[in-house]
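# Descriptive structure summary
Now for the letters of each chain:
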Amino acid sequence: MDESSTANNVARAIVAALDWSSSSEARKEAVSYLEYIKAGDIRVLASTSFLLVRKNWSSEIRLHAFKMLQVHTHIPVLVFEGDLNHLVRLRWEELSSTERRNFANVAIDLITEIADPCEEWALKSQAAALVAEIVRREGLNLWQELFPSLVSLSNNGPIQAELVSMMLRWLPEDITVHNEDLEGDRRRLLLRGLTQSLPEIFPLLYNLLERHFGAALSEVGRQQLDIAKQHAGTVTATLNAVNAYAEWAPLPDLAKYGLIHGCGFLLSSPDFRLHACEFFKLVSPRRRPVDASASEFDSAMSNIFQILMNISGDFLFRFSSSSDGIDESEFEFTEYICESMVSLGSSNLQCVAGDSTILPLYLQQMLGYFQHFKLALHFQSLLFWLALMRDLVSKPKVVAQSTGDSSAVNNLCSGFGQADKEKKGILIFINDDVCGAILDVSFQRMLKKEKVPPGTALSLGALELWSDEFDGKGDFSQYRSRLLELIRFVASYKPLIAATRISGRIDTIIKSLQHAPLPSQDTAVMESMQLAFETVVSVVFDGSIEFVGGSSEIQLTLCRTFEGLLQQLLSLKWIEPALVEVLGHYLDAMGPFLKYFPDAVGSVINKLFELLTSLPFVLKDPSANRARHARLQICSSFIRIAKAADKSLLPHMKTNQKFLWQDSLRGLHNLVVCEQCRGLQPISLVFLLRAVKYMAYNPVQQLPLGIADTMAYLQSEGRLLRAEHNLLGEAFLVMASAAGIQQQQEVLVWLLEPLSKQWMQVEWQNAYLSDPTGLVRLCSDTPFMWSLFHTVTFFEKALKRSGIRKSNLNVQNDSLASSIPFHVMASHLSWMLPPLLRLLRAIHSLWSTPVTQALPGEIKAAMSMSGVEQASLLGEGNPKLPKSSLTFTDGSQIDMNKEGHAEPNENDIRNWLRGIRDSGYNVLGLSTTIGDSFFKCLESHSVSLALMENVQSMEFRHLRQLVHSVLIPLVKFCPSDLWEEWLEKLLHPLFLHCQQALSCSWSSLLHEGRAKVPDIHGILAGSDLKVEVMEEKLLRDLTREICSLFSVLASPGLNTGLPSLEQSGHISRVEMSSLKDLDASASNSLIGFLVKHKSLALPAQRISTEAFTWTDGEAVTKVSSFCGAVVLLAVSTNNVELQEFVAKDLFFAIIQGLALESNAIISADLVGLCREIFMYLSDRDPYPRQVLLSLPCITNHDLLAFEEALAKTSSPKEQKQHMRSLLLLASGNKLKALAAQKSTSLITNVSSMLYDNFILFILPLDFKKYFNFLPP
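Residues numbered from 1 in each chain as written. Predicted model: local features only at pLDDT ≥ 70, side-chain atom pairs only at ≥ 80, totals over all residues. Heavy atoms only, no water.

As annotated in an unreviewed UniProt entry, the protein is Protein HASTY 1 from Tetracentron sinense.

Below, the structure written as structure tokens:
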């Protein structure tokens, strides 16, 4: 067949392969033919390709003959790879030297032929790329020969010059873009050769820029627009070429040959400035060298500073506060300039740190960008100021100054120890005015556009606030976090400035609210400032600021500033829920201040109770939802203040002793008129009167007046919801934790004793928990249902908040510490947990098939997943959730205001079930951490019955939660002498069910493309794809949690009886006399205990081996530590069954795992396990050698050579490398985890992953079933 005929056939094949109107068979045949040509005779391929790039063919055919397209084996229709680039890049060495030179000459001729104004840009680019690829392959000698002809060609006209620039642009491609086909040595040679050629290339590029830019202007002046466009195309191509060198070429060379100047000049040209901006974007972050060229680098970089600052200064002068007379293209250009300025300052500010002219001007311009009304410019400069202040200020100890003069900065830098000279020079210019401006802008921009009320928008002027409409800048929370971090750094450097600015800002906002007609609707600005206020207070009073030189005056000024602001907040008479909520947040933000100034604590507590009681207490009125939420937030403020103020709140848990135990109203009268009480606010006196009256009728309580008595009074009056009482009780626990063990015990008794009276009653348990119908009745008894919910949630809070603070461990009396229980909650577990177990058992029973079928429709519906849960599984984010809600572990929430005065609906029942399960599991899990109290106060049978009786009916999400919250901590903290009694009863039904359920679901996913999980039942069919994603997510979550449990089983702390491999034998042989009996390890090794009990060992072994084939790298990562412990146990004991499992089944499974690309992330550990199995067991068991010999591409000689290599080294690292090489050889390079070395996405349909691209393996019959991951 002649060349013309072949070219015609290839052309038709390209058209057919790209024509989607053709039949599938026709496209496949076309692709097959193209692959045949591409893999055939290289000379036919070359001649055919050169024919196809001629002008007589369509652009489509010519383009595909030029460029190489990526080929993906999973795409059913493949396009023809570009012949020429394919040939040069992959088959160049097959040509002789003469043929390669002829090929290069023809390629150069193509450049001349394609220099036509009518040619498409893509074809010209590919022709240039072809020549560049040839030069890269042939090396510097060919380049030196070609360069003169390229210079000559560039002089022939703008189109020829454009092609030469394109070629120069493609030439360094392999330096800046990683190319797997170009190994390290060749890349270094290319870099060296191009670096040596820069003195030739750079002058040519500068001349092309200068000549054709001038020619374009000249032709425009002559109205020769077509010719002007050709020259403009050359300028653009040349700028692209310059940019290809800007990222790596020595900066002094770029300056020496005028390219920095040339690109700077083109910044003033609207047609070319964006391409010129790209140059400065690339050179700005270049790192300063440490050799002799550093001074030349600094000089070039200083020049770049001046160029960009000239452009910035002009823009900021004209358009700093208004957009009048400016279009979007101008803003786009300035945004690029600002981005380069940020890179410049973040990476190379030291280059101008000693220049007292450039540095302050640069900082002033960056401040101008930060203050700019355009969000994009402000956002870019925020990154600079954040990086700069982090570098200058974030030190272990920050020395604070009140002024920004030179002496202050000297003190600051001396406080750092050996402060860097450049930083000292920079700090001189970051004075009070700069810091104040940064803070003012940051405060103003804490507000989101969507939160601004319509009437407020006018007062903002042209300021562009953050909006959800802005793309590519993350979300608002990330942006706000950056602002807060910047505020923190500035406040730590200039605390007085920060205190003054934040106080002034809040004062202005409060005054505007006081004059607003509807202040409750105009709280957005006040709300936005709360986090900034909290940040400033926490920085100033966090103890990390060290004041020097007049520090007492600074502290006094700071104290007066915040004290005055606190008094202003306390004087506010806000009663609207929105305003009350905001005020509560501001008061709890003062917590760090209260820690150092405890005299103000009493006023804050009184104000919080005043705010709480000012809000309406109405349960049935839906319009009171905002008020109820505000009440909850006020109660939460007590917790936040208790955390921040530490011991400052302790005196206010109880009133001063002289107020105690007055036994008559006359005594109370004396209290009211005494001098101390005159200072109290009226609301406090009312509480005092009512509280003493309450105590007169409740003499048994004997509680002192204070926060506790206010709580008691409000509760006795029915004015404190259970959720609110729980929050205040939690605050009490936080306060008590700062006081010590005895105070904690007293508080717990006070808080838990009333709950225990109801909780321990047998009547409600028998009425509601004896059978499933009782639980149905409980869901109808709304007040009692929610009462139980709040009781369980408070148990959880009590367990989390109780204990000894680390800061108090050293101050506890040793004799007291030795006489108290290990945990203050230990004595309460015996009455808390039994009813909880009964309640959980009843809830679990609802999902058993016989019970479910008999349930009312409303409860059945409540048992299915909510929309919020489904959105969480799909990764769509939670929809807008109601306020006053409690967040569950999966991100969904429940209304905390539920007190049971309305009939429960489906959603209420669902939230109640989930709330009891979530908090109940946490209570059990936390209880296991309290020494051995949990295990001694309960019978293992009752726990097993409650948790495992209906485990086979559990949905995957519930089972995962049970394992995570209860079983993992139970296994961690179970005493070893109780393993026999507890673990087998709990783990056997779990392992048995999970092995069956996971195996079935994974088999369905891998072979049918869809997991089968019980959670999806009852969900109305929506998008099939969404259901598939939810199913797979549920399956993977449970798989990973079970593997996490296996990892805990193998943790070193639970396996102290396992020796290290070094103790077992260094190289490979272990003395048989040193092997232990398995029973000897069962008492001090949880893995030994598990293996000893067959009912646990068998399902655990199945799960651990099957996990390697489940295409979940995260699960394999977790289970691999378990397998490592099992290998270690097999090596150190004489148990034959365990030895055979490890040497045969586990070894097979690990190699199966290495066949999956998803396990690439853990491949090194898996190879290590293979090494350990072979090294330590091959002399005791024949299976390791048989497993390796069963692989398709291994010979006995290969195995013998492998063993000899192992014997020559004692390095585990080298032995692992030998094992890796052998496995790749033995599998024919088909172990994807070893070849890929990259992770896959978390959620992906992998039904065909096991069978892609494997060759036919012929295995011994005995092993074939173990390698079912290979095609039969």
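Moving on: the overall build of the protein. Scanning the protein for helices and strands turns up 62 helices and four strands. Per-residue burial over the protein gives 55% buried out of 1272 residues. Counted over contacts in the protein with a minimum sequence separation of 6, partners at least 24 positions apart contribute 74%. Carbon and sulfur atoms form 52% of the exposed surface of the protein, whose accessible area is close to 54100 Å². (Helix = DSSP H or I, 4+ residues; strand = E, 2+ residues; numbered from the N terminus. Buried < 20%, exposed > 50% of the residue type's maximum accessible area, 1.4 Å probe, protein only. Contact = heavy atoms within 4.5 Å. Areas by Shrake-Rupley, 256 points an atom, 1.4 Å probe, with all protein chains shown as cover.)

Evaluated as defined, the whole model comprises 40 aromatic pairs. Through pairs of rings, three or more aromatic residues link up here, namely Trp759, Trp764, Tyr768, Phe784, Phe795 and Trp831. The cationic tip of Arg169 hangs over the ring face of Trp170; the distance from NZ or CZ to the ring centre is 4.3 Å. The ring of Phe489 carries Arg488 above its face, with NZ or CZ at 6.0 Å from the centroid. (Phe/Tyr/Trp six-rings, centres within 6.5 Å; stacked < 30°, edge-to-face > 60°. Lys NZ or Arg CZ within 6 Å of the ring centre and 35° of its normal.)

With that settled, consider empty space enclosed by the protein. Over the atoms rolls a probe the size of a water molecule, and its path tells where empty space is left. Taken as a whole and judged by the stated rule, the model has three cavities of 30 Å³ or more. The volume enclosed by the largest cavity comes to roughly 60 Å³. Looking at the largest cavity, the residues that line it are Trp847, Ala862, Met863, Ser864, Glu869, Arg910, Leu913, Arg914, Arg917, Arg957 and His958. Where the lining of the largest cavity is concerned, the elements lending two or more residues are helix 45 (906–928) and helix 48 (956–973). Among the elements that make up the lining of the largest cavity, the one with the highest residue count is helix 45 (four residues). Quantified by volume, the second largest cavity comes out at close to 40 Å³. Taken together, Ile108, Ile111, Val131, Leu150, Leu153, Leu163, Val164 and Met167 make up the lining of the second largest cavity. Secondary-structure elements contributing two or more residues to the lining of the second largest cavity are helix 6 (97–114), helix 8 (140–154) and helix 9 (158–170). (1 Å grid on protein atoms, 1.4 Å probe; cavity = no way out; pocket = protein on both sides within 12 Å on 5 of 7 lines; lining within 4 Å. Points joined across faces, edges and corners; volume = space filled by probe spheres on them.)

If you walk through the whole model with that rule in mind, you get 38 salt bridges. Among the ionic pairs, Asp298 bridges to Arg288, the shortest N-O distance being 2.6 Å. Here Asp298 is found in helix 16 (residues 294–319), whereas its partner Arg288 is found in the loop between helix 15 (273–283) and helix 16, with ten residues between them in sequence. Looking at Arg288, the relative accessible area reads 35%, which means it is partly exposed. Of the charged contacts in the structure, one is a salt bridge between Lys936 and Asp932, with a shortest N-O distance of 2.8 Å. Residue classification places Asp932 among the partly exposed positions, given a relative accessible area of 29%. (Salt bridge = Lys/Arg side-chain N within 4 Å of Asp/Glu carboxyl O.)

A few words on helix 56 (residues 1136–1154). With 19 residues, helix 56 ought to run about 27 Å at 1.5 Å a step, and its terminal C-alpha atoms sit 26 Å apart, in line with that. Within helix 56, the axis deviates most sharply at Val1142, by approximately 35 degrees. The buried fraction of helix 56 is high, at 15 of 19 residues. (Expected span 1.5 Å × (residues − 1). Bend = angle between axes of the 7 residues up to and from the residue.)

Counting residues in each nonpolar core, the largest one holds 383 residues, and the members touching the most others are Tyr245, Trp385, Phe562 and Trp912. Ignoring sequence-local partners within four residues, the contact set of Trp385 consists of Leu363, Met366, Leu367, Phe370, Val434, Ile438 and Leu486. Counting residues in hydrophobic clusters, the runner-up holds 14 residues, among them Ala7, Val10, Ala13 and Ala30. (Core = buried A, V, L, I, M, F, W, Y, C linked by side-chain atoms within 4.5 Å.)

This next bit is on unusual backbone geometry. At Gln223, a residue that is not glycine, the phi angle is positive and equals roughly 65 degrees. Mapped onto the elements, Gln223 comes out in the loop between helix 11 (184–221) and helix 12 (225–246). Although it is not a glycine, Asn1229 sits at a positive phi angle of roughly 60 degrees. Within the fold, Asn1229 resides in the loop between helix 60 (1212–1226) and helix 61 (1232–1236). For Asn1229, a relative accessible area of 55% translates into the label exposed.

Looking at the element boundaries, Ala232 is found in helix 12. A C-alpha to C-alpha distance of 9.0 Å links Ala232 and Leu217, two positions 15 residues apart in sequence. Apart from the residues within four sequence positions on either side, Ala232 is in contact with Ala216 and Phe272.

Moving on: the packing of helix 12 against helix 15. Two elements in contact, helix 12 and helix 15, have axes whose closest approach is 9 Å; the angle formed by their N-to-C orientations is 5 degrees. In terms of orientation, helix 12 and helix 15 fall into the roughly parallel class. In this structure, helix 12 contributes Thr236, Leu239, Asn240, Val242, Asn243 and Ala246 to the contact, and helix 15 contributes His275, Ala276, Glu278, Phe279, Leu282 and Val283. Among the residues forming the contact of helix 12 with helix 15, the class breakdown is seven nonpolar, four polar and one charged. (Axes fitted to C-alpha atoms, helices over the stretch in contact; angles between N-to-C directions. Parallel < 35°, antiparallel > 145°, perpendicular 65-115°, else oblique. Nonpolar A, V, L, I, M, F, W, Y, C, P; charged D, E, K, R; others polar.)

What follows covers the environment of Val580. Take Val580: it is sitting in helix 27 (residues 577–589). Counting along the chain gives 34 residues from Val580 to Ser614, while the straight-line C-alpha distance between them is 8.9 Å.

Another aspect to go through is the side chain of Thr238. Relative to the elements of secondary structure, Thr238 occurs in helix 12. Only 2.7 Å separates the side chain of Thr238 from the backbone oxygen of Thr234, close enough to count as a polar contact. In contact with Thr238, not counting residues within four places along its chain, are Ser165, Leu205, Leu208 and Leu209. (Polar contact = N/O pair within 3.5 Å; in protein donor to acceptor, adjacent residues only side chain to side chain.)

Let us look at the confidence of the model for the protein. Per-residue confidence for the protein averages 81 on the pLDDT scale, and 79% of its residues sit at or above 70. Ignoring residues within four places in sequence, the model shows residues 805–821, a span with pLDDT below 50, making 13 contacts including any to other chains. (pLDDT = per-residue confidence, 0-100.)

Under the 1.5 Å per step criterion, the end-to-end length of helix 19 (residues 375–393) is 26 Å for 19 residues, consistent within 8% with the ideal 27 Å. Among the 19 residues in helix 19, 15 count as buried, and that is most of the element.

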